[in-house]
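Coordinate analysis (summary)
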Amino acid sequence: MRDFETLSQAMNALREEGYVEDFNLKQNCIECRNGEFTVFHNEFEIDEYFRFEGMSDPGDNSILYAISSEKYGLKGQLVNGYGIYTEPITNEMLQKLKMD
């Protein structure tokens, strides 16, 4: 796994690799382009993820997911805080975004 010092470094590197979409997490899917694409748990893969921990503020903790969808020909990023497990999402989405 690659190592980045900051979230922005990782995001910039992924953009250079074609992960240009900005995904948003919804209850039972992810979406991008202002809802033009709605991608369900069985329609995307998590190619990589990176965990960032803030030096002093727990609010700075985040996870960056590099996501691709072969079905829609999309590659993008989803940034979420460590509180993903408390978000109101379906079990399928929770399992997909769970980090082993």
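As a starting point, this report considers the structure included with it. The residue numbers shown here count from 1 along each chain, following its written sequence. Local features in this predicted model are restricted to residues whose pLDDT is 70 or higher, and side-chain atom pairs enter the listing and the counts only when it is 80 or higher, whereas totals over whole chains, interfaces and linings include all residues. Side-chain measures here rest on the full set of heavy atoms in the structure, leaving out hydrogens and waters.

Some words on the sheet that holds strand 1 (residues 21–22)
The following threshold applies: If DSSP finds at least two bridges between two strands, the strands pair. Helix numbers and strand numbers start at the N terminus; a helix is a DSSP run of H or I with at least 4 residues, a strand a run of E with at least 2.
Ordered in space as 1-7-6-5, the 4 strands form an open sheet in which the pairing is mixed. The open sheet is flanked by strand 1 and strand 5 (45–52), the only strands paired with a single partner. Sheet topology note: the strand 5/strand 6 (residues 62–69) ladder contains 7 bridges and is antiparallel. Note on strand 6: the bridge partner recorded for Ile-46 is Ile-67.

What to know about the pattern of salt bridges
To be explicit about the condition: We define a salt bridge as a side-chain nitrogen of Lys or Arg found within 4 Å of a carboxyl oxygen belonging to Asp or Glu. Relative accessibility under 20% of the residue-type maximum defines a buried residue, over 50% an exposed one, and the middle range a partly exposed one, all with a 1.4 Å probe and only protein chains included.
Applying the stated criterion across every chain yields a total of 6 salt bridges. Between Arg-2 and Glu-48 there is a salt bridge, with the nearest N and O atoms lying 2.6 Å from each other. Note that Arg-2 is positioned in the segment before helix 1 (7–16) and Glu-48 in strand 5, a separation of 46 residues in sequence. For Arg-2, a relative accessible area of 31% translates into the label partly exposed. The exposure class of Glu-48 is partly exposed, given its relative accessible area of 22%. Each of Arg-2, Glu-17 and Glu-48 takes part in salt bridges that share partners, so that together they form one network.

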